[in-house]
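What follows is the residue order along each chain.
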Amino acid sequence: MELNLGYGIGLRRTHYDEVLRRSSEQLPDWFEIVSENFMNYGGRPEKLLTHIREQKIEIIPHGVGLSLGSLDKFNTDYIEKLKSLISEIKPKYFSDHLCFSSTKMHQYHDLLPILKTKQSLNEITDRVKWIEDIFQ
């Protein structure tokens with residue numbers, strides 16, 4: 001896996017119109033997207049991803065809602081939406097915050113710190129392995 005993708009930027013809503021007006025020569029080598037902003041969306045986000053892919057620009061998803069540090073079961077709806085996004089854009093890799101952001105299926109929309117215990121380390125390790133197995 002090539003880790004040096006060149007230079008890139010985080011793609012935010014304020015960039016959308018400008019990116020849609022530009023060709024690959026005028027764009028960075030890659031864009032980081034917030035996964036959740038492009039999961040099961042149509043309209044403008046879909047148009048933007050299509051344009052970026054047509055320009056042969058790499059897209060790297062970085063999520064905030066996987067909740068790797070939670071002790072709850074994974075949200076299967078979230079996993080399916082993420083799988084669909086990954087399948088569509090075929091990134092070289094994707095990432096998510098090592099935190100917990102949900103408990104009992106309630107999404108806090110915040111990056112809460114993980115517990116610093118051996119049990120938490122074991123749980124997180126198992127969760128990361130499970131995610132790696134799903135997305136290989």
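Structure's up top.
Residues numbered from 1 in each chain as written. Predicted model: local features only at pLDDT ≥ 70, side-chain atom pairs only at ≥ 80, totals over all residues. Heavy atoms only, no water.

1. A short note on the layout of surface pockets
Taken as a whole, the largest pocket holds about 420 Å³ of empty space. Every residue lining the largest pocket is counted, 24 residues in all, and those nearest its centre are E36, G65, Y78, Q107 and H109. Mapped onto the lining of the largest pocket, the elements with two or more residues apiece are α3 (76–89), β5 (100–103) and β6 (106–112). In this structure, the second largest pocket spans a volume of roughly 180 Å³. Of all the elements in the fold, those that place two or more residues in the lining of the second largest pocket are β4 (95–96) and α4 (118–134). Counting residues per element, the lining of the second largest pocket draws most heavily on α4, which supplies 3 residues. Its residues placed into classes, the lining of the second largest pocket shows 6 nonpolar, 2 polar and 2 charged. (1 Å grid on protein atoms, 1.4 Å probe; cavity = no way out; pocket = protein on both sides within 12 Å on 5 of 7 lines; lining within 4 Å. Points joined across faces, edges and corners; volume = space filled by probe spheres on them. Helix = DSSP H or I, 4+ residues; strand = E, 2+ residues; numbered from the N terminus. Nonpolar A, V, L, I, M, F, W, Y, C, P; charged D, E, K, R; others polar.)

2. A look at the pairing of β6
Bridging between β5 and β6 involves 3 bridges; their strand directions are antiparallel. Bridge pairing links T103 to H106 in β6. Between the antiparallel neighbours β5 and β6 lie 2 residues, among them K104 with a positive phi of about 50°. (Pairing = 2+ DSSP bridges.)

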